[in-house]
Protein chains: 2
Amino acid sequence: MADKRKIGVLGGGQLGRMLIEAANRLNIQVNVLDAAASSAKQISAHDGHIDGSFKDAADVKRLAKDCDIVTVEIEHVDTHMLEEVAGEVQVEPSWKTLRIIKDKFAQKEYLKEHGVPVADSIDLDGKGVEGLKEVGKQFAYPFMLKSKTEAYDGRGNFAVKCVDDVSKAKEVLGDRPLYAERWADFRLELAVMVVKTKDGVLTFPTVETVHEDSVCKLTYTPPRNVSKAIGEKAQELAKKAIGAFEGKGVFGVEMFLLKDDTLLVNEIAPRPHNSGHYTIEACPLSQYDAHLRAILDLPIPQSGLRLREPAIMLNILGGQTPDSHEKIAQAALEHPNASIHLYGKGEARPGRKMGHITVTAPTLAAAEREMQPLIDLVDSQKGKPLGPRDDTESQKPEPLVAVIMGSDSDLPVLRPGLALLEHLAIPFTVRITSAHRTPDWLRTFSKAAASTSVKVIIGAAGGAAHLPGMCASWTTLPVIGLPVKATHLDGVDSLYSMTQMPRGEPVATVGINNSVNAALLAVRILGAEDLGVRERLRVWMEGNETEVLGKDGKLAEVGWEAYLKAMGK
Amino acid sequence: MADKRKIGVLGGGQLGRMLIEAANRLNIQVNVLDAAASSAKQISAHDGHIDGSFKDAADVKRLAKDCDIVTVEIEHVDTHMLEEVAGEVQVEPSWKTLRIIKDKFAQKEYLKEHGVPVADSIDLDGKGVEGLKEVGKQFAYPFMLKSKTEAYDGRGNFAVKCVDDVSKAKEVLGDRPLYAERWADFRLELAVMVVKTKDGVLTFPTVETVHEDSVCKLTYTPPRNVSKAIGEKAQELAKKAIGAFEGKGVFGVEMFLLKDDTLLVNEIAPRPHNSGHYTIEACPLSQYDAHLRAILDLPIPQSGLRLREPAIMLNILGGQTPDSHEKIAQAALEHPNASIHLYGKGEARPGRKMGHITVTAPTLAAAEREMQPLIDLVDSQKGKPLGPRDDTESQKPEPLVAVIMGSDSDLPVLRPGLALLEHLAIPFTVRITSAHRTPDWLRTFSKAAASTSVKVIIGAAGGAAHLPGMCASWTTLPVIGLPVKATHLDGVDSLYSMTQMPRGEPVATVGINNSVNAALLAVRILGAEDLGVRERLRVWMEGNETEVLGKDGKLAEVGWEAYLKAMGK
């Protein structure tokens, strides 16, 4: 890092602050243009900052004079001045990109021209209340009325729900340049951080964003209840959208996932974005690292953008009282996997972004369990009643093992195995699914298993035991077969039905009626990755060894005849 | 976080800098006493810092005046002034602790008094060359001559190898307060970061430290070739040592692991320590987070100190040329899991700590593979010849599956399974270990397997097939049994030998001679955790489905007679 290039940033809020956090670690100087002591400047002590406004042309010029590259943490900047200085200093992303994106209507038109699906929109320039009513006829109600510029976190948006809302809408947004947008009846919202480098376009994972009162409240990575295929489609769409713009850096792409699983681009941010905060903990490189590297033409290995662990991000907003946000941070200190980021902002106005918390964990469900009390705290501060939740249910860990049996008559055979799973603290679920009597339910169960928390399946069955074999044919998870001794053939029928599967769909078969070994095999499989499980197994095996050694000692001591007598044999 | 308490830190080097990084995220103000623009001050812009020296009594007093809690990032401070200000301001850890620890001889005596094992030492106060020769007689050569104070990174230490070294040693260290220490013939060095809170003593994981030229070069977490039991013993010893001191905060405890597996405490640091840098990425809470929380009496959940992923830390030291260290950081940019920390220090004197790199990965072996090129670069800068390494070997991924067979006559049966593992890009190793002909080798292999990269074992054997069952008895890993059809009984003998294991040691048995299913079961087990593997399996299964559907289509098209003819039957 012989990098002596200086970066100038328009804006000194939390995004600039976290960008500087990344720059500090690489000893790269970042000069911030914003008010004195703004969030970003607090963690960067040098005399290259400019106290002023990123909307002021003269201030932008002053910043550019002493920098090698100018970038932004907000798009509501003076792009005309950026155009002027672009001759002397590199501006990333391009001022052209910023000019298009800062006008939401222009942004949508531009995306449409480049074949990127967006919601239909109508320009309302120069049109009054009658224009709005016209939109109501064309789009039907509800529709969105939006300010083309200076709109963020819901400010500048108005949902027009019926014709009577029209005058109220005009009243609220009347002095702004407006356009109307068709209502997107979405199932949920997704977002992807995209990195545009000199060599191409890379993406971070797809994120589910949850908004409340038009402000981002939570992000989930990976998204909940969204297939991998849709996640990838969102990444492709985000790539396509950003590929249409000039310049380097990270971009946030917010999308709607409609009820028919199609995607629309909602909005683009030409800078680091709230939906990318999770990358600080959850990915080897954060969105801030990526932005720096992209604008400096430094290497960005693609696998540096991968998800290390599922993550949930919760915004800490200013609340009802001046210390509402402090209480949330305070509560987060009790959570071992919660990373707390406070932005050093002054007064906590309601809704102001004061910080965020990221929880990462080996599974999204584990992260949800740890985050839930903090979400509850946020909701209770807002006076929201907690939803009807079954607290015992939400406390229960998700099953790692699914035990299925062809008939409840197999349950007594399973008992010692289930008891052992419980003893070794392995969460499991038990279901009845017969290959012959409920083939469709078995198919549904088996096909869904791999996308749940379950990592191993135990199938117990007797006779012409098809259960584990069919299950293995519909899943990629390891399936353990437990042959149950039924009425004939001493269980050898079940044993053969399980072991002698054709090439392609193995069943890990254990001894007849030996549910303990089926359970232990499941434990060993989980322990292949989870060292905690492996250790519990080791201790259990050691106990067995001690027990047998103890018996041997006693036998040696009392002799075989007394031993037999003590056994009552 | 309504925390308005101000923290004062004596010293503004990299430890102070990383402490401030943690404090910034909690919006806690840290005032640094050190030279202007020192490393720590660069990332903390406020007017509470003091330009001066942490050895200067008046400066310490000035710092203390405006703080609620005073702490240190270096122990070579004026403890008498700290004693004086301790009436007005909280000092953590206690000035008494700092006074004992900053004098290495006093530190050792104190530890000895508290029952903590340390190397034998002899005070040399007022003793000349004759005193040293006396030590040589008592301890034998080599022994260590050490300065009691101001000793760090090897400065102040001299290894006296023979009687002729004595005058040289006196010449080098003669003007310092000295003591001698018995040579510790250690196998390797371990370190543990300990957190002393108001409620008790917590520990981070045990680390292996590697020193070169008396300066820390690398840390490995967990340590290489050290059992879990020893790791825990080191944590216990570290706890005991720190339990003997007063005050709160993190402490670094460096230990020698002798060749007979006993532990000696070598040295204690009453502050964050180089051996704890890895915690920034590898643990939910870093040593810096822990230090802040400990001195502020904020919560520290024990599981926040756990290891998320194995980690290797490499120090970036000033080298032969002024930009040697920059080249290392530059090279690290290419490594997706490398987190780079540069300290913002000025001139790079040889050996000066300019930064560090941490690589975390799901296994230590994977972290080693990623770190090795950077270690090679460091070594090549020092003109060290690279050790005799087989480059193809080091490129080869570590095996995840171990395939063992009782006899090479089983190899042809294994062929399709091995080919499939290769096709699905699963690294594996194949060995011959007979339960009956090489029982000791099988035992050695099975006992060691769980501490290697291997996660699943496939055991193929025929006849009275004891191989997988014995292997399962000596390991906690999942063992797959592949019954091989030998000369008699059509393989049913092998099948029964494997499935009918006693309760306690399951063998996951697949069909007779069906090595493809043995391989696929191994793939499913790996895929339970590794979604990449699972996806490759899914695609392969889809291919199978397509193939059979294709055949069905052809059969429907040409009719069963023509189909049979085409099959040549």
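Criteria and cut-off values
- Residues numbered from 1 in each chain as written.
- Chains lettered and ligands numbered in written order.
- Predicted model: local features only at pLDDT ≥ 70, side-chain atom pairs only at ≥ 80, totals over all residues.
- Heavy atoms only, no water.
- UniProt positions renumbered as here; feature names shortened; annotations may be inferred.
- Helix = DSSP H or I, 4+ residues; strand = E, 2+ residues; numbered from the N terminus.
- Buried < 20%, exposed > 50% of the residue type's maximum accessible area, 1.4 Å probe, protein only.
- Areas by Shrake-Rupley, 256 points an atom, 1.4 Å probe, with all protein chains shown as cover.
- Pairing = 2+ DSSP bridges.
- Axes fitted to C-alpha atoms, helices over the stretch in contact; angles between N-to-C directions.
- Expected span 1.5 Å × (residues − 1).
- Arc of directions from axis to C-beta.
- Contact = heavy atoms within 4.5 Å.
- Salt bridge = Lys/Arg side-chain N within 4 Å of Asp/Glu carboxyl O.
- Nonpolar A, V, L, I, M, F, W, Y, C, P; charged D, E, K, R; others polar.
- pLDDT = per-residue confidence, 0-100.
- Parallel < 35°, antiparallel > 145°, perpendicular 65-115°, else oblique.
- Left-handed = near helix turned anticlockwise from the far one by under 90°.
- Phe/Tyr/Trp six-rings, centres within 6.5 Å; stacked < 30°, edge-to-face > 60°.
- Lys NZ or Arg CZ within 6 Å of the ring centre and 35° of its normal.
- Least-squares fit on C-alpha atoms with pLDDT ≥ 70 in both.
- Polar contact = N/O pair within 3.5 Å; in protein donor to acceptor, adjacent residues only side chain to side chain.

Looking up chain A in an unreviewed UniProt entry gives the name Phosphoribosylaminoimidazole carboxylase, with the organism given as Massariosphaeria phaeospora. According to UniProt, the comment filed for chain A under the heading Sequence similarities (unreviewed entry) is "In the C-terminal section; belongs to the AIR carboxylase family. Class I subfamily."

Undergrad: So what's going on with the overall build of chain A? Which residues, and what values?
TA: A tally of helices and strands in chain A yields 20 helices and 22 strands. Classification of the 569 residues of chain A by burial places 58% in the buried group. Surface summary for chain A: the accessible area is close to 23,200 Å², and the carbon and sulfur share equals 53%.

Undergrad: I'd like a description of the sheet that holds strand β14 (residues 263-269) of chain B, backed by residues and values.
TA: Residue and element names in this part refer to chain B. Spatially, the 8 strands line up as an open sheet ordered β14-β13-β10-β11-β12-β15-β17-β16, and their pairing is antiparallel. Since the sheet does not close on itself, it has two edges, and those belong to β14 and β16 (338-342), each with one partner. Sheet twist, expressed as the mean angle between neighbouring strand axes with direction ignored, is 25°.

Undergrad: So what about the UniProt feature "domain: ATP-grasp" (unreviewed entry) in chain A? Which residues, and what values?
TA: Within the UniProt annotation, "domain: ATP-grasp" (unreviewed entry) is assigned to residues 108-296 of chain A. Taken end to end, residues 108-296 of chain A is 29% helix and 34% strand, and its two terminal C-alpha atoms sit 29 Å from one another.

Undergrad: Before we move on, could you go through unusual backbone geometry and cite the residues and values that matter?
TA: P93(A) follows E92(A) through a cis peptide bond whose omega is -10°. Structurally, P93(A) can be placed in the loop between β5 (90-91) and α4 (95-102). Going from T221(B) to P222(B), the amide bond is cis rather than trans, its omega being -5°. Within the element layout of this structure, P222(B) appears in the loop between β12 (215-221) and α8 (228-243). Phi angles above zero are rare outside glycine, and N27(A) is one such case at about 55°. Tracing the backbone through its elements, the reader meets N27(A) in the loop between α1 (14-25) and β2 (30-34). The exposure class assigned to N27(A) is partly exposed, which follows from its relative accessible area of 31%.

Undergrad: Report on helix α8 (residues 228-243) of chain A, specifying residues and quantitative values.
TA: All names here are of chain A. Between the first and last C-alpha of α8 there are 22 Å, a value that for 16 residues agrees with the 22 Å anticipated at 1.5 Å per step. For α8, the complete set of buried residues consists of I230, G231, A234, Q235, L237, A238, A241 and I242. For α8, the angular spread of buried residues about the axis comes to 165°, placing them on one side. Residues of α8 that are buried sit in contact with α5 (104-113), β10 (186-196), β11 (201-212), β13 (249-258) and β14 (263-269).

Undergrad: Tell me about the interface of chain A and chain B, and please be specific about residues and values.
TA: If you look at the interface, chain A gives 85 residues, while chain B gives 85 residues. One can count 11 salt bridges joining chain A with chain B. In this structure, R308(B) engages E309(A) in a salt bridge whose closest nitrogen and oxygen atoms are separated by 3.9 Å. For the side of chain A that touches chain B, the leading source of residues is helix α19 (residues 531-558) of chain A, giving 7 residues. When the residues that make up the side of chain A that touches chain B are grouped by side-chain class, the tally is 40 nonpolar, 24 polar and 21 charged.

Undergrad: Residue-level account of the confidence of the model for chain A, with values.
TA: All names here are of chain A. A residue-level look at chain A finds 97% of positions with pLDDT of 70 or above and a mean pLDDT of 91. Low pLDDT, under 50, characterises residues 387-395; the stretch is placed with 5 contacts to residues that sit more than four places away or in other chains. Listed scores for the predicted complex are pTM 0.74 and ipTM 0.72.

Undergrad: Any chance you could break down the pattern of salt bridges for me, citing the residues and the numbers?
TA: Within this structure, the stated rule accounts for 70 salt bridges over all chains. Across the salt bridge formed by K382(B) and D213(B), the nearest N and O atoms sit 3.8 Å from each other. With K382(B) in the loop between α12 (364-381) and α13 (391-395) and D213(B) in the loop between β11 (201-212) and β12, this residue pair connects regions lying 169 residues apart in the sequence. By relative accessible area, K382(B) is classed as partly exposed at 36%. One network of salt bridges, in which partners are shared, links E212(A), D213(A), K217(A), D379(A) and K382(A).

Undergrad: Summarise the packing of helix α18 (residues 515-527) of chain A against α19(A); cite the residues concerned and give the values.
TA: Residues and elements named next belong to chain A. As a packed pair, α18 and α19 sit with axes 8 Å apart at the nearest point and diverge in direction by 140°. As far as their axial angle goes, α19 and α18 are oblique. Of the two possible hands of crossing, α18 and α19 adopt the one that is left-handed. Facing L520, V523, R524, L526 and G527 of α18, the residues of α19 in contact are V533, R534, L537, W540 and M541. Classifying every residue of the contact of α18 with α19 gives 7 nonpolar, 1 polar and 2 charged.

Undergrad: Help me get a handle on the packing of aromatic side chains, residues and values and all.
TA: In the structure shown here, the tally under the stated rule is 10 aromatic pairs over all chains. Centre to centre, the rings of Y141(B) and F143(B) are 5.6 Å apart; their planes meet at 35°, and the pair counts as tilted. By relative accessible area, which is 0% here, F143(B) ends up buried. Across the ring face of Y563(A), the terminal group of K554(A) is positioned such that the distance to the ring centre comes to 5.2 Å.

Undergrad: Go over the relation of the copies chain A and chain B, please, and point to the residues and values.
TA: Overlaying chain A on chain B yields an RMSD of 0.4 Å, the required transformation being a rotation through 180° with an accompanying axial translation of 0.1 Å. Such a combination of rotation and displacement between the chain copies is what one expects of a two-fold axis. By residue overlap, the copies meet face to face through one surface: 100% of the interface positions of chain A are interface positions in chain B.

Undergrad: Explain the sheet that holds strand β9 (residues 178-182) of chain B to me, using residue names and the numbers behind them.
TA: Residues and elements named next belong to chain B. Spatially, the 4 strands line up as an open sheet ordered β6-β9-β7-β8, and their pairing is antiparallel. In the strand order of this sheet, the two ends are held by β6 (121-123) and β8 (157-160), each with one partner. Within this sheet the neighbouring strands show an average axis-to-axis angle of 25°, counted without direction. The pairing of strand β7 (residues 143-147) with β8 spans 4 bridges and is classified as antiparallel. Bridge pairing in β8 places K146 opposite N157.

Undergrad: Tell me about helix α17 (residues 492-499) of chain B, and please be specific about residues and values.
TA: Residues of α17(B) that are buried include every one of D493(B), S494(B), L495(B), M498(B) and T499(B), and no others. Elements that come into contact with the buried residues of α17(B) comprise α17 (492-499) and β22 (508-509) of chain A together with β20 (456-462), α16 (467-473), β21 (479-484) and β22 (508-509) of chain B.

Undergrad: Quick rundown of the environment of E246(A)? Include the residues and the values.
TA: Residue and element names in this part refer to chain A. Mapped onto the secondary structure, E246 falls in the loop between α8 and β13. Taking the C-alpha atoms as reference, E246 lies 9.0 Å from K196; in sequence the two are 50 residues apart. If we ignore the near neighbours within four places in the chain, the residues touching E246 are P93, S94, K96, T97 and K196. Only 3.3 Å separates the side chain of E246 from the side chain of K96, close enough to count as a polar contact.

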